[in-house]
Amino acid sequence: MEYTTLANGVKMPMEGFGVFQVEDGAVCEQAVTDALEAGYRMIDTAAAYFNEEAVGRAIQKSGIPREELFITTKLWIQDAGYENAKKAFQTSMDKLGLDYLDLYLIHQPMSDYYGSWRAMEELYEEGKIRAIGVCNFYPERLADLCVNARIVPMVNQVELHPFFQQADALDNMKEFGVQPEAWGPLAEGKHGIFTNEKLAAIAQKYGKSTAQVVLRWNVQRGVVIIPKSVHKNRMEENLDIWDFSLSEEDMSVIRTLDLGHSEIIDHSVAETAKWLNGWKIHD
């Protein structure tokens, strides 16, 4: 495994395991167990994924020393605000069964995320979280928070894959010293990513799968990745990307695939804001 060093000096694995859309507790627990056995040491969950308890059970039974793991969870919109964020953090910690967290992220740039950030700054300074960051903060939102916050976010987890490459967003993150992390690094299987002719040709050249080429491409851009699978053979395949490097020519070919927009979610429209704010994770 390779690591990146965050702005505060914390080492973060360049690849982890995501559990979005794995709501069934037993399935999620087994998936995380398999991922840890396969060699993953970073697990990414969220309050809004409804599986923190399952992730926690898998961590506890793994027997892996806590300091070898890097655990991330996220604060949902419904719990935004200073007091709410403090409560939500403790709820997540109780579900995960942890006494400290490696990375806590604001899940969406909505509602009172400034109040949330102040709470997270305090939790970070108290040593309860090793690093704090955000998700889905497009350049203007990220720049605004970075300019006004007491502590600049250390990570921004956004959609990053060959069909939505966000080069300008990466430049913006670099300017503020924010580590980019990709959700949906395999485009959630959309746009024929696994059968794309250009990607398949590159994969054949290296004796790798298309998925491995796509993951390697993001890593070579300095992007942390968290691919998801419930199949152990795929987990192992996704982790097997450290024994080759894409040439600059191949990187250039992949750059031509950029559509310049998401085909998964459009954060710029009112319908998305209404839908996400309507997503309730508790009464």
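Shown above is the structure to which this text applies.
Keep in mind that what you see is a predicted model, and the values were worked out from it rather than measured. (Residues numbered from 1 in each chain as written. Predicted model: local features only at pLDDT ≥ 70, side-chain atom pairs only at ≥ 80, totals over all residues. Heavy atoms only, no water.)

With respect to the side chain of Lys-208
(1) Moving on: Within the fold, Lys-208 resides in the loop between helix H7 (197-206) and helix H8 (210-220).
(2) Moving on: Among the residues examined, Lys-208 registers a relative accessible area of 14% and is labelled buried.
(3) Moving on: Looking at Lys-208, its side chain comes within polar contact range of the main-chain oxygen of Asp-240, at 3.1 Å. (Helix = DSSP H or I, 4+ residues; strand = E, 2+ residues; numbered from the N terminus. Buried < 20%, exposed > 50% of the residue type's maximum accessible area, 1.4 Å probe, protein only. Polar contact = N/O pair within 3.5 Å; in protein donor to acceptor, adjacent residues only side chain to side chain.)

As for the packing of aromatic side chains
Think of a pair of aromatic rings as described by two things: how far the centres are apart, and how the planes are tilted against each other in angle.
(1) Moving on: Scanning the entire structure with this criterion turns up eight aromatic pairs.
(2) Moving on: Note on Tyr-113 and Tyr-114: the rings are 5.3 Å apart at their centroids and 25 degrees apart in plane angle, and the pair reads as stacked.
(3) Moving on: Ring geometry for Tyr-206 and Phe-244: centres 5.5 Å apart, planes at 50 degrees, overall tilted. Separated by 38 residues along the polypeptide, Tyr-206 in helix H7 and Phe-244 in the loop between helix H9 (232-239) and helix H10 (248-255) bring together distant segments of the chain.
(4) Moving on: Judged by relative accessible area, Phe-244 falls into the buried class, the value being 9%.
(5) Moving on: Among the aromatic side chains, those forming a connected cluster through ring pairs are Trp-76, Trp-275 and Trp-279.
(6) Moving on: The cationic tip of Lys-11 hangs over the ring face of Tyr-3; the distance from NZ or CZ to the ring centre is 4.7 Å.
(7) Moving on: For Arg-66, the ring lying beneath its charged end belongs to Tyr-100, and the centroid distance is 4.0 Å. (Phe/Tyr/Trp six-rings, centres within 6.5 Å; stacked < 30°, edge-to-face > 60°. Lys NZ or Arg CZ within 6 Å of the ring centre and 35° of its normal.)

Some points on the packing of helix H2 (residues 52-62) against helix H3 (residues 82-96)
(1) Moving on: Contact geometry of H2 with H3 gives a least axis separation of 7 Å together with a crossing angle of 45 degrees. In terms of their interaxial angle, H2 and H3 are classed as oblique. Taken together, the residues of H3 that come into contact with H2 (itself represented by Glu-52, Glu-53, Val-55, Gly-56 and Gln-60) are Ser-92, Lys-95 and Leu-96.
(2) Moving on: Along the lines of polarity and charge, the residues of the contact of H2 with H3 split into two nonpolar, three polar and three charged. (Axes fitted to C-alpha atoms, helices over the stretch in contact; angles between N-to-C directions. Parallel < 35°, antiparallel > 145°, perpendicular 65-115°, else oblique. Contact = heavy atoms within 4.5 Å. Nonpolar A, V, L, I, M, F, W, Y, C, P; charged D, E, K, R; others polar.)

Concerning the pattern of salt bridges
(1) Moving on: What the rule picks out here adds up to 15 salt bridges.
(2) Moving on: Across the pair Arg-66 and Asp-102 runs a salt bridge whose closest N-O atoms are separated by 2.8 Å. Residue Arg-66 is located in the loop between H2 and strand E5 (70-75), and its partner Asp-102 is located in the loop between H3 and strand E6 (103-106); the two are separated by 36 residues in the primary sequence.
(3) Moving on: Its salt-bridge partner being Arg-141, residue Asp-144 comes within 3.7 Å of it at the nearest N-O pair. Of this pair, Asp-144 and Arg-141 both sit in helix H5 (residues 139-148), three residues apart, which is roughly one turn of the helix. (Salt bridge = Lys/Arg side-chain N within 4 Å of Asp/Glu carboxyl O.)

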